Amino acid sequence: QVQLVESGGGLVQPGGSLRLSCVASGSTISSYTMSWYRQAPGKARELVAGITRTGGSTNYADSVKGRFTISRDNTKNTVYLQMNSLKPEDTAVYYCNLLNFYGKNYWGQGTQVTVSS
């Protein structure tokens, strides 16, 4: 059973930075595309960024392009999301996602990111 644990969220001022981490257990992540999603209050969960198995290709939501960077370290079974130039509209719970070969989604418990002065 795959388990994903996010960390690194918190309260930050506009313009600040945070780095989120997602550590996986129960399966090696090296075979899978990994993604970060977020969900703000009253809104649907949305894809923020994704990264292919070897990290050779990434994709981002238009709203975070140029500010966020997704990366992975398969030796540590960990995926990261570096978030710079944070804005109040980035406030949300951020979730790590693994989609396996059978179409099953695995989610972490989420980590809260609040951008406020």
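Let us look at the structure shown here. Everything quoted here is computed from the prediction, not taken from an experiment.

## Points about the environment of Ser17
Phase 1: Turning to its location among the elements, Ser17 is positioned in the loop between strand S2 (10-12) and strand S3 (18-25).
Phase 2: Residue class for Ser17 comes out partly exposed when judged on its relative accessible area of 39%.
Phase 3: Once the C-alpha coordinates of Ser17 and Ser85 are considered, the two residues, 68 residues apart in sequence, prove to be 6.2 Å apart.
Phase 4: Aside from chain neighbours lying at most four places away, what touches Ser17 is Val12, Gln82, Met83, Asn84, Ser85 and Leu86.
Phase 5: A polar side-chain atom of Ser17 sits 2.9 Å from a polar atom in the side chain of Asn84.

## Here's the deal with the layout of surface pockets
Phase 1: Here the largest pocket defines a volume of roughly 170 Å³.
Phase 2: In terms of lining, the largest pocket is formed by Arg38, Ala40, Lys43, Ala44, Glu46, Ser63, Arg67, Lys87, Glu89, Asp90, Thr91 and Ala92.
Phase 3: Across the lining of the largest pocket, the residue classes tally to 3 nonpolar, 2 polar and 7 charged.

## What about the environment of Thr69?
Phase 1: Mapping Thr69 onto the fold places it in strand S7 (residues 68-73).
Phase 2: When the C-alpha atoms of Thr69 and Gln82 are compared, they prove to be 5.0 Å apart, with 13 residues separating the residues in sequence.
Phase 3: Excluding residues that lie within four positions of it along the chain, Thr69 makes contacts with Tyr60, Tyr80, Leu81 and Gln82.

## Observations concerning the state of the cysteines
Phase 1: A full pass over the atoms with the stated rule returns 1 disulfide.
Phase 2: A sulfur-sulfur separation of 2.1 Å characterises the disulfide bridge that pairs Cys22 with Cys96. Where Cys22 bonds to Cys96 through sulfur, the torsion about that S-S bond is close to -80°, and the disulfide is left-handed. Residue Cys22 is found in strand S3, and its partner Cys96 is found in strand S9 (residues 92-99); the two are separated by 74 residues along the sequence. Taken individually, Cys22 and Cys96 each receive the classification buried, so the pair is uniform in this respect.

## With respect to the side chain of Asn77
Phase 1: Tracing the sequence through the fold places Asn77 in the loop between S7 and strand S8 (78-83).
Phase 2: The exposure class of Asn77 is buried, given its relative accessible area of 14%.
Phase 3: The residues touching Asn77, leaving out its near neighbours within four places in the chain, are Cys22, Val23, Ala24, Ser25, Ser27, Thr28 and Ile29.

Criteria and thresholds
Residues numbered from 1 in each chain as written. Predicted model: local features only at pLDDT ≥ 70, side-chain atom pairs only at ≥ 80, totals over all residues. Heavy atoms only, no water. Helix = DSSP H or I, 4+ residues; strand = E, 2+ residues; numbered from the N terminus. Buried < 20%, exposed > 50% of the residue type's maximum accessible area, 1.4 Å probe, protein only. Contact = heavy atoms within 4.5 Å. Polar contact = N/O pair within 3.5 Å; in protein donor to acceptor, adjacent residues only side chain to side chain. 1 Å grid on protein atoms, 1.4 Å probe; cavity = no way out; pocket = protein on both sides within 12 Å on 5 of 7 lines; lining within 4 Å. Points joined across faces, edges and corners; volume = space filled by probe spheres on them. Nonpolar A, V, L, I, M, F, W, Y, C, P; charged D, E, K, R; others polar. Disulfide = S-S within 2.5 Å.

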